[in-house]
Amino acid sequence: IMTDSTGFISKLNAKLTEIGQLPDGYKFALPTEAQWEYACRAETETDFNNGGTMTVEYGDDSAMNEVGWYYCNCSEIVGATHDVGGLASNSFGIYDMHGNVFEWCSDWYDETYDSSNLTDPTGPDTGYSRVLRGGSWNFYPYHCTSWYRFSFTPSHGSDNFGFRLALVPVALE
């Protein structure tokens with residue numbers, strides 16, 4: 001449930017502020033969709049952040065095997081996530097941007113999102129569902145690419161959903 005993640009982030013920010021561990025003028029938040037994609041791609045323009053191109057949409061893919069947990073390489077632990085860092089990181093040193101769990105973004109979903117011609121795009125101010133990115137252990141390579149977008153109502157919980165923190169300036173609230 002997305003509200004669980006935002007509740008956790010709110011408590012984390014309060015605690016870190018209380019003990020003086022947050023940099024001045026910053027807070028943790030869910031990333032926007034654009035922030036998530038930038039962190040995932042790590043300056044690549046390929047399907048996967050290791051420079052790999054998807055060779056098969058719904059099967060075992062060698063490029064995906066290097067960077068993410070998905071349906072075809074999770075057979076030893078069916079129905080479970082994997083510890084972060086078990087596969088290669090991207091060039092920014094970030095692990096598991098592909099697969100493992102879909103990650104909530106702060107943006108409301110809009111089908112017109114196009115990151116190719118915008119700088120720091122944000123979603124609409126309101127909506128029905130929130131953006132999820134990255135794919136999951138229970139999905140195929142197609143769903144785990146840098147560009148694939150998914151959405152769900154924020155009240156929906158799943159063992160395929162998780163979140164990643166972004167440290168952002170407080171002014172970007």
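Being a predicted model, the structure only gives us computed values, none of them experimental. (Residues numbered from 1 in each chain as written. Predicted model: local features only at pLDDT ≥ 70, side-chain atom pairs only at ≥ 80, totals over all residues. Heavy atoms only, no water.)

S.K.: Outline the overall build of the chain, listing residues and values.
M.R.: Each helix and strand counted, the chain has three helices and eight strands in total. Taken from N to C terminus, the helices and strands of the chain fall in the order α-β-α-α-β-β-β-β-β-β-β. Over its C-alpha trace the chain gives a radius of gyration of 16 Å, about what one expects of a compact globule, namely 16 Å for 173 residues. Of all 173 residues assigned to the chain, the portion counted as buried reaches 43%. (Helix = DSSP H or I, 4+ residues; strand = E, 2+ residues; numbered from the N terminus. Rg over C-alpha atoms; globule rule 2.2 N^0.38 Å. Buried < 20%, exposed > 50% of the residue type's maximum accessible area, 1.4 Å probe, protein only.)

S.K.: Outline the pattern of salt bridges, listing residues and values.
M.R.: In this structure the tally under the stated criterion is six salt bridges. A salt bridge links Arg164 to Glu103; its shortest N-O distance comes to 2.8 Å. You can see Arg164 sitting in the loop between strand E7 (161–162) and strand E8 (166–169) and its partner Glu103 sitting in strand E4 (residues 102–108), a full 61 residues away along the chain. Among the residues examined, Glu103 registers a relative accessible area of 5% and is labelled buried. The structure contains a network of salt bridges with shared partners spanning Glu33, Glu37, Arg41, Arg133 and Arg149. (Salt bridge = Lys/Arg side-chain N within 4 Å of Asp/Glu carboxyl O.)

S.K.: Requested: an account of the nonpolar core, with residues and values cited.
M.R.: Core analysis: the biggest nonpolar cluster contains nine residues, these being Met2, Ile9, Leu30, Phe102, Trp104, Leu132, Tyr148, Phe150 and Phe161. For this core, the elements supplying multiple residues, two or more each, are helix H1 (2–18) and E4. In terms of nonpolar packing, the next biggest core, distinct from the first, is built from seven residues, Phe48, Met54, Ala63 and Tyr70 among them. (Core = buried A, V, L, I, M, F, W, Y, C linked by side-chain atoms within 4.5 Å.)

S.K.: An account of the sheet that holds E7 is requested, with residue identities and associated values reported.
M.R.: Read across the open sheet, the four strands follow the order E6-E5-E4-E7; overall the sheet is mixed. Edge positions in the open sheet fall to strand E6 (149–152) and E7, since each of these has one partner strand only. Bridge count for strand E5 (residues 130–133) against E6 is four bridges, and the pairing is antiparallel. Its bridge partner being in E6, Leu132 is matched across the sheet by Phe150. The sheet contacts of helix H2 (residues 33–41) involve E4, E5 and E6, and relative to E4 the element is tilted by about 140 degrees. (Pairing = 2+ DSSP bridges. Contact = heavy atoms within 4.5 Å. Axes fitted to C-alpha atoms, helices over the stretch in contact; angles between N-to-C directions.)

S.K.: Residues and numbers for the packing of aromatic side chains, please.
M.R.: With the rule as written, the count across this model stands at 15 aromatic pairs. Ring pairing ties together the aromatic residues Tyr58, Tyr71, Tyr140, Tyr142, Trp147 and Tyr148, which thus form one cluster. Its guanidinium or amino end placed over the ring of Trp108, Arg130 lies 3.7 Å from that ring's centre, counting from NZ or CZ. (Phe/Tyr/Trp six-rings, centres within 6.5 Å; stacked < 30°, edge-to-face > 60°. Lys NZ or Arg CZ within 6 Å of the ring centre and 35° of its normal.)

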